[in-house]
Amino acid sequence: MATVMMKTQPASARMPARMPRIGVRSLIFDLLSWLADAQSRASSRYELRDLDARQLRDVGLTRAELDRAFGPTFWMIR
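Residues numbered from 1 in each chain as written. Predicted model: local features only at pLDDT ≥ 70, side-chain atom pairs only at ≥ 80, totals over all residues. Heavy atoms only, no water.

## Re the overall build of the chain
Within the chain, the regular secondary structure consists of four helices and zero strands. What you see in the chain, going N to C, is helices and strands ordered as α-α-α-α. Of all 78 residues assigned to the chain, the portion counted as buried reaches 5%. (Helix = DSSP H or I, 4+ residues; strand = E, 2+ residues; numbered from the N terminus. Buried < 20%, exposed > 50% of the residue type's maximum accessible area, 1.4 Å probe, protein only.)

## Some points on the environment of Ala69
Along the chain, Ala69 falls in helix 4 (residues 63-69). Here Ala69 falls in the exposed class, since its relative accessible area comes to 59%. Separated by 24 residues in the primary sequence, Ala69 and Arg45 have C-alpha atoms spaced 9.6 Å apart.

## Comments concerning a nonpolar patch on the surface
Together, Val24, Ile28, Leu31, Leu32, Trp34 and Leu35 give the surface a local cluster of nonpolar side chains, amounting to about 630 Å² of exposed area. The topology assignment puts Trp34 in helix 2 (residues 24-49). (Patch = residues over 30% accessible without salt bridge, like charges linked within 9 Å, V, L, I, M, F, W, Y side chains within 5 Å. Areas by Shrake-Rupley, 256 points an atom, 1.4 Å probe, with all protein chains shown as cover. Salt bridge = Lys/Arg side-chain N within 4 Å of Asp/Glu carboxyl O.)

## Topic: the confidence of the model for the chain
Here the chain shows a mean pLDDT of 78. Residues at 70 or above account for 65%. Here helix 1 (residues 11-14) stands out as the element of the chain with the lowest mean pLDDT, 57, in contrast to helix 3 (residues 53-59), whose mean of 91 is the highest. (pLDDT = per-residue confidence, 0-100.)

Below, the structure is given as structure tokens:
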């Protein structure tokens, strides 16, 4: 009866020490997650802009504060 011996390498020899690989699925998931967050933030901004003065007072904001916070974005500034 023959015995078969398998050579095993320590884990450090099998996998070189370097940064972990980021898979395509992970990148796609991160991108979709970022887009969903951006859409949610934009939706909130649009809802706040549609509030009248009384509703803004109820949440403790003024129109001037909204205009300052939601002013031109970085690509609109010259």
